[in-house]
Amino acid sequence: MDRGSSHPTFGIEEEFLVLDPGTGRPTPRAADVLREVPTAGSDDATSNFTAEFARFQLEANTPVCRTAAEARDHLISARRSLVAAAGRRNLRMVSAGYSPLGMPDPVPITDKPRYRRISDRFGLLLDSHATTGCHVHVGMPDLATSLAVSNHLRPHLPTLLALTANSPFCDGRDTGHASWRTIVWSRLPSAGPPPVHRDPASYQRAVDLLLASGAALDPAMVYWLVRPAPHLSTLEVRVADAVGTVDEALLLALLVRALATVALQDVAEDRPAPELPDERLRLALWRAAHDGLEGQGLDDTGELVPTRSLLDELVKAALPALDASGDTQFVTGALDRLLRHGGGAHRQRLAHARRQDISDVVDLLAEQTGTSPSARSTIHSGLPD
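Conventions adopted
- Residues numbered from 1 in each chain as written.
- Predicted model: local features only at pLDDT ≥ 70, side-chain atom pairs only at ≥ 80, totals over all residues.
- Heavy atoms only, no water.
- Helix = DSSP H or I, 4+ residues; strand = E, 2+ residues; numbered from the N terminus.
- Rg over C-alpha atoms; globule rule 2.2 N^0.38 Å.
- Buried < 20%, exposed > 50% of the residue type's maximum accessible area, 1.4 Å probe, protein only.
- Contact = heavy atoms within 4.5 Å.
- Areas by Shrake-Rupley, 256 points an atom, 1.4 Å probe, with all protein chains shown as cover.
- Lys, Arg positive; Asp, Glu negative; His and termini not counted.
- Charge placed at Lys NZ, Arg CZ, Asp CG, Glu CD.
- Disulfide = S-S within 2.5 Å.

S.K.: Summarise the overall build of the protein chain; cite the residues concerned and give the values.
M.R.: Within the protein chain, the secondary structure is distributed over 13 helices and 13 strands. For 385 residues, the compact-globule estimate of 2.2 N^0.38 gives 21 Å, and the protein chain sits close to it at 19 Å. If one aligns the C-alpha atoms of the protein chain with their principal axes, the spans along those axes are about 55 × 50 × 45 Å. With 385 residues in all, the protein chain has 57% of them scored as buried. Pairs at least 24 apart in sequence give 77% of the contacts found in the protein chain among residues at least 6 apart. With an accessible surface of roughly 15800 Å², the protein chain has 52% of that area assigned to carbon and sulfur atoms. The protein chain carries 39 positive and 48 negative side-chain charges, and their two centres are separated by 4 Å.

S.K.: Lay out the state of the cysteines with the relevant residues and their values.
M.R.: Scanning the model with the defined rule gives zero disulfides in all. Of all cysteine sulfurs, the one in Cys134 lies closest to Cys65, which takes part in no disulfide; the gap is 12 Å. Among the residues examined, Cys65 registers a relative accessible area of 0% and is labelled buried. When its relative accessible area of 1% is taken as the criterion, Cys134 is described as buried.

S.K.: Help me get a handle on the environment of Leu293, residues and values and all.
M.R.: Position of Leu293 among the secondary structure elements: in the loop between helix H9 (278-291) and strand E12 (296-298). Considering only alpha carbons, one finds Leu293 and Asp105, 188 residues apart in sequence, at a separation of 31 Å. Ignoring anything within four residues of it in the chain, the contact list for Leu293 reads Ala162, Leu163, Thr307, Arg308, Leu311, Leu338, Leu339 and Gly343.

The following block contains the structure:
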């Protein structure tokens, strides 16, 4: 990662579901799609594609990015490659936090020793690993700084979740939650909001406790919603559902980078992270998962307020870094379009309401996943104008 720039580098991981076009259900054919996409190192490969825990999941990882335009190009290219590859195998590729028609029982697991160990340990919690998210990595100079930035980011996690909630359906029914993925994922004992880390030693003690208790089999199973990735020199923000469009993924990434940039400055100037009790953060995350973008959330006093006002506060906090990186125009434009057309969960519910047919939701997700931003502007929304 580039430590000399005032704008940290970043990368985006998008997870996708492979669906049967006839039933709309997940089908364990991710390996077939992987055989069709460009491999790492080839001339036409701009992202790295990998298998995931379940055999109906795929992940696309951008390279290290420095600008919004660069990240956008990688996101578009990756989605194009995956959708085309799936089409050649008569499959559908969708980006959503959870399958609208639920998961196969049992979940078909990718044949790797680590995944088999997870299966043996966690039993029926396997469906938690079959959820899909959008993760953002931000470059960090060292572990101590990464942990300090994590402390500063904790209050923003519920709003980022509400912004990206995109999984209201399960087994063809409305769950009553905008992000069912969050509810399912939170059942894992090593998942949830990150603790406050006072220093690398306290971080290591928390990791060691998870490992000693058996709640995590290895450090990669430390599933906090923000966690350091020391092997990549990054901080990884994992709170978001897999989002519908390229613009939503890019919007998330730019907001996360901007908030991290502001936090880096706060850390450098010894400004303490906001005090936020664990129980209040956990409740705020649940409320964000329940209501999504269109509802209410908990403010810093614990009072319910419109989520849009919390989003305004988040953008205000990020604005100095967005202005400095030249990303303000895209972020404000993308947010305006998103607020006009509704968050991912809202759009899914609108699709379902027309005919009360869950297949319309699957069609919407496939259309969004395969829709590239228009060439009419440098960075344009995948949502309608």
